[in-house]
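These are the residues of each chain, in order.
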Amino acid sequence: RVLAQVSCELVPPKPNRPTEGILFFNLELSPMAAPGFEPGRQQELLVKLNRLIERCLRNSRCIDTESLCVVAGEKVWQIRLDLHLLNHDGNIIDAASIAGIVALCHFRRPDVSVQGQEVTVYTPEERDPVPLSIHHMPICVSFAFFQQGTYLLVDPSEREERVMDGVLVIAMNKHREICTMQSSGGIMLVKDQVLRCSKITAVKVAEITELIQKALENDEKVRKEGGKFGFAESIPNQKITTFKRESAAVDTNNVEEQAEEIITKADPPSEVVAKPILHTPGTAQIGEGIENSWGDLEESEREEAGEEEGESEATAFECQKMESADTSTTRETTDEPIVLSDSEEEEVVILEPQEVPRKTRSQTNPKQENTSKKAFNKRRRKKRAA
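Below: a short report on this structure. Because the structure is a prediction, the values reported are computed rather than measured.

## Quick notes on the layout of surface pockets
Next, step 1: By volume, the second largest pocket amounts to about 570 Å³.
Next, step 2: Around the second largest pocket, the lining comprises 21 residues; the ones closest to its centre are Cys105, His106, Arg108, Leu216 and Glu220.
Next, step 3: Secondary structure elements with two or more residues in the lining of the second largest pocket: helix H2 (92-106) and helix H4 (191-225).
Next, step 4: With 8 residues, H4 is the largest single contributor of residues to the lining of the second largest pocket.

What follows is the structure, given as structure tokens:
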């Protein structure tokens, strides 16, 4: 749902267009419509929607801006269209375009008169307000594509927009004139798909335009007759109160008999302990009900205590194993010193290197050395002579 509001103000014109009025469009996405919308932050979706609305309503020349001129080059009417998204359920641009064009068709600006350099603005009591000069009503129709254009869907919902491959928006009036067209998403469309969408758009726009004209005629008729009109009166009561339900009749006949049947079919109550039971000092059970277990440990505490006891037993058993292993190693290797660390992660063993036996030379007398040398020299001489 989109709420549209139109306001007007006399302002100086733009220098490049002194005889034309000014149109201003603004779309707001509040957290009331959807939790994902953040206030005061320009999202990419918001910028995209604002540009598309401007192309649909301003660039299509649906409003005669020259009729908004009061004094050329001095004063013109500035028409401001504010769109507020109330409930986001998908396809924002279609709802915003319909609400915007209907609000512009329904809007009436004050009548003015110019005498010399004086400009007089009349109140609605003095003169009837003047409607805007609207040439045609452009309406946007969105198409969602799935599986690379295999499936086509008109007016997608919020969940369908999340899984769609691409979207095509066509703005058209009842005269079958395309005002704007935009395609977004990672999908390539062929000529036949675009022509098919344009034909569907022409049918949808004709139906929506007829509904808009009927609603405007009914509103004008009610205003002339003096009946109730306005935004609050246009909404049915059933839709304002979301949680409203019709009163349902309750059958109270044979209530006692049904209650007795239910009681007889129910399971018998559990045993009741009449005497007070003293579990621990300071706690007791008095009266009917289940047994009091305040003095006992809770299940979680019991489990934790059991785990701690199991861990302590396992550590004690490991320590005994390590001590027995240490005594056996010390008995087997008495010569080699072994040092074991206290840490449980790894065992450090220090081994000392064995002493290498030193080579000892035999002590001989110098006379014996000389005789052996002489004998060796004699042998060499005999070999040479031979």
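Let us keep going from here.
## A word on the packing of H2 against H4
To characterise two packed helices, one gives the angle between the axes of the helices and the distance between these axes.
Next, step 1: The N-to-C vectors of H2 and H4 enclose an angle of 35 degrees; their axes lie 11 Å apart at closest approach. Both H2 and H4 take part in a crossing whose hand is right-handed. Residues Ile98, Ile101, Val102, Cys105 and His106 of H2 pack against Ile208, Ile212, Leu216, Asp219 and Arg223 of H4.

## Section: the environment of proline 39
Next, step 1: By the secondary structure assignment, proline 39 is in the loop between strand S2 (22-29) and helix H1 (44-57).
Next, step 2: What makes proline 39 exposed here is its relative accessible area of 64%.

## Some thoughts on the pairing of strand S11 (residues 166-172)
For a regular strand, side-chain orientation follows a simple rule: the groups alternate between the two sheet faces.
Next, step 1: Burial of S11 is extensive: 7 of the 7 residues sit out of reach of the surface.
Next, step 2: A two-sided burial pattern is seen for S11, the buried positions comprising Gly166, Leu168, Ile170 and Met172 on one face and Val167, Val169 and Ala171 on the other.
Next, step 3: Of the strand pairs in this sheet, strand S9 (residues 139-146) and S11 are connected by 7 bridges, and their pairing is antiparallel. Across the sheet, residue serine 142 finds its bridge partner in S11, namely valine 169.
Next, step 4: Sheet topology places S11 next to strand S12 (residues 178-185); 7 bridges connect them, and they run antiparallel. Its bridge partner lying in S12, alanine 171 is registered against threonine 180.

## Considerations on unusual backbone geometry
Next, step 1: Phi at arginine 61 is positive, roughly 60 degrees, even though this residue is not glycine.
Next, step 2: Along the chain, arginine 61 turns up in the loop between H1 and strand S3 (69-71).
Next, step 3: Even without glycine at this site, glutamine 147 takes up a positive phi of about 55 degrees.
Next, step 4: With respect to the secondary-structure elements, glutamine 147 resides in the loop between S9 and strand S10 (151-154).

## Structural notes on H2
Next, step 1: Between its terminal C-alpha atoms H2 stretches 21 Å, which fits the 21 Å expected from 15 residues at 1.5 Å a residue.
Next, step 2: Extensive coverage of H2 is indicated by the burial of 11 of its 15 residues.
Next, step 3: When we look at burial in H2, the residues that qualify are Ile92, Ile93, Asp94, Ala96, Ser97, Ala99, Gly100, Ile101, Ala103, Leu104 and Cys105.

## Notes on the pairing of strand S6 (residues 112-115)
Next, step 1: Taken together, the 4 bridges between S6 and strand S7 (residues 118-121) define a ladder with antiparallel strand orientation. Directly across from serine 113, in S7, lies its bridge partner threonine 120.
Next, step 2: The turn joining S6 and S7, which pair antiparallel and follow one another in sequence, is formed by 2 residues; a positive phi near 70 degrees is taken by glycine 116.

## Looking at the nonpolar core
Next, step 1: Residues Ile53, Leu57, Ile79, Leu81 and Leu104 are the most contacted members of the largest nonpolar core, which totals 53 residues.
Next, step 2: Ranked by residue count, the leading element in this core is H2, at 8 residues.

## Focus: the packing of H1 against H2
Next, step 1: Their axes nearest at 11 Å, the elements H1 and H2 cross at an angle of 45 degrees. Compared by their axis directions, H1 and H2 come out oblique. The hand of the H1/H2 crossing is right-handed. When H1 is examined against H2, the residues Leu45, Leu49, Leu52, Ile53 and Leu57 are found in contact with a partner set consisting of Ile92, Ile93, Ala96, Ile101 and Leu104.
Next, step 2: Taken together, the residues of the contact of H1 with H2 sort by class into 10 nonpolar, no polar and no charged.

## Brief notes about the packing of aromatic side chains
Next, step 1: For the coordinates displayed, the defined rule picks out 0 aromatic pairs.
Next, step 2: Arginine 127 extends its terminal NZ or CZ atom over the ring of tyrosine 122, reaching a point 4.0 Å from the ring centre.

## Section: the pattern of salt bridges
For side chains bearing opposite charge, pairing can occur when the charged atoms are close.
Next, step 1: In the structure shown here, the tally under the stated rule is 8 salt bridges.
Next, step 2: Note that glutamate 158 and arginine 162 form a salt bridge whose closest N and O atoms lie 2.8 Å from each other. With a gap of 4 residues between them, glutamate 158 and arginine 162 both fall in helix H3 (residues 158-163), about one helical turn apart.

## Some points on the state of the cysteines
Next, step 1: Under the definition given, this model contains 0 disulfides.
Next, step 2: Summary of cysteine pairing: cysteine 56 is not part of a disulfide, and the nearest cysteine sulfur, belonging to cysteine 140, is at 3.7 Å.
Next, step 3: Owing to a relative accessible area of 1%, cysteine 56 belongs among the buried residues under this scheme.

## Side note on the sheet that holds S12
Next, step 1: Judged by pairing direction, the sheet is antiparallel, and its 4 strands sit side by side in the order S10-S9-S11-S12 without closing on themselves. The open sheet terminates on both sides in strands that have one partner only, identified here as S10 and S12. With strand direction ignored, the average angle separating the axes of adjacent strands in the sheet is 20 degrees.
Next, step 2: The pairing of S9 with S10 spans 4 bridges and is antiparallel. From the neighbouring strand, alanine 144 faces S10, where its bridge partner is leucine 153.
Next, step 3: Each of S9 and S11 touches H2; the most contacted strand, S9, lies at about 170 degrees to it.
Next, step 4: In the packing of H4 onto the sheet, contacts are made with S9, S10, S11 and S12, and the angle to S9 comes to roughly 140 degrees.

Cut-offs applied
Residues numbered from 1 in each chain as written. Predicted model: local features only at pLDDT ≥ 70, side-chain atom pairs only at ≥ 80, totals over all residues. Heavy atoms only, no water. 1 Å grid on protein atoms, 1.4 Å probe; cavity = no way out; pocket = protein on both sides within 12 Å on 5 of 7 lines; lining within 4 Å. Points joined across faces, edges and corners; volume = space filled by probe spheres on them. Helix = DSSP H or I, 4+ residues; strand = E, 2+ residues; numbered from the N terminus. Axes fitted to C-alpha atoms, helices over the stretch in contact; angles between N-to-C directions. Left-handed = near helix turned anticlockwise from the far one by under 90°. Contact = heavy atoms within 4.5 Å. Buried < 20%, exposed > 50% of the residue type's maximum accessible area, 1.4 Å probe, protein only. Pairing = 2+ DSSP bridges. Expected span 1.5 Å × (residues − 1). Core = buried A, V, L, I, M, F, W, Y, C linked by side-chain atoms within 4.5 Å. Parallel < 35°, antiparallel > 145°, perpendicular 65-115°, else oblique. Nonpolar A, V, L, I, M, F, W, Y, C, P; charged D, E, K, R; others polar. Phe/Tyr/Trp six-rings, centres within 6.5 Å; stacked < 30°, edge-to-face > 60°. Lys NZ or Arg CZ within 6 Å of the ring centre and 35° of its normal. Salt bridge = Lys/Arg side-chain N within 4 Å of Asp/Glu carboxyl O. Disulfide = S-S within 2.5 Å.

So, to be careful, I would describe these as geometric facts and stop short of saying anything about function.
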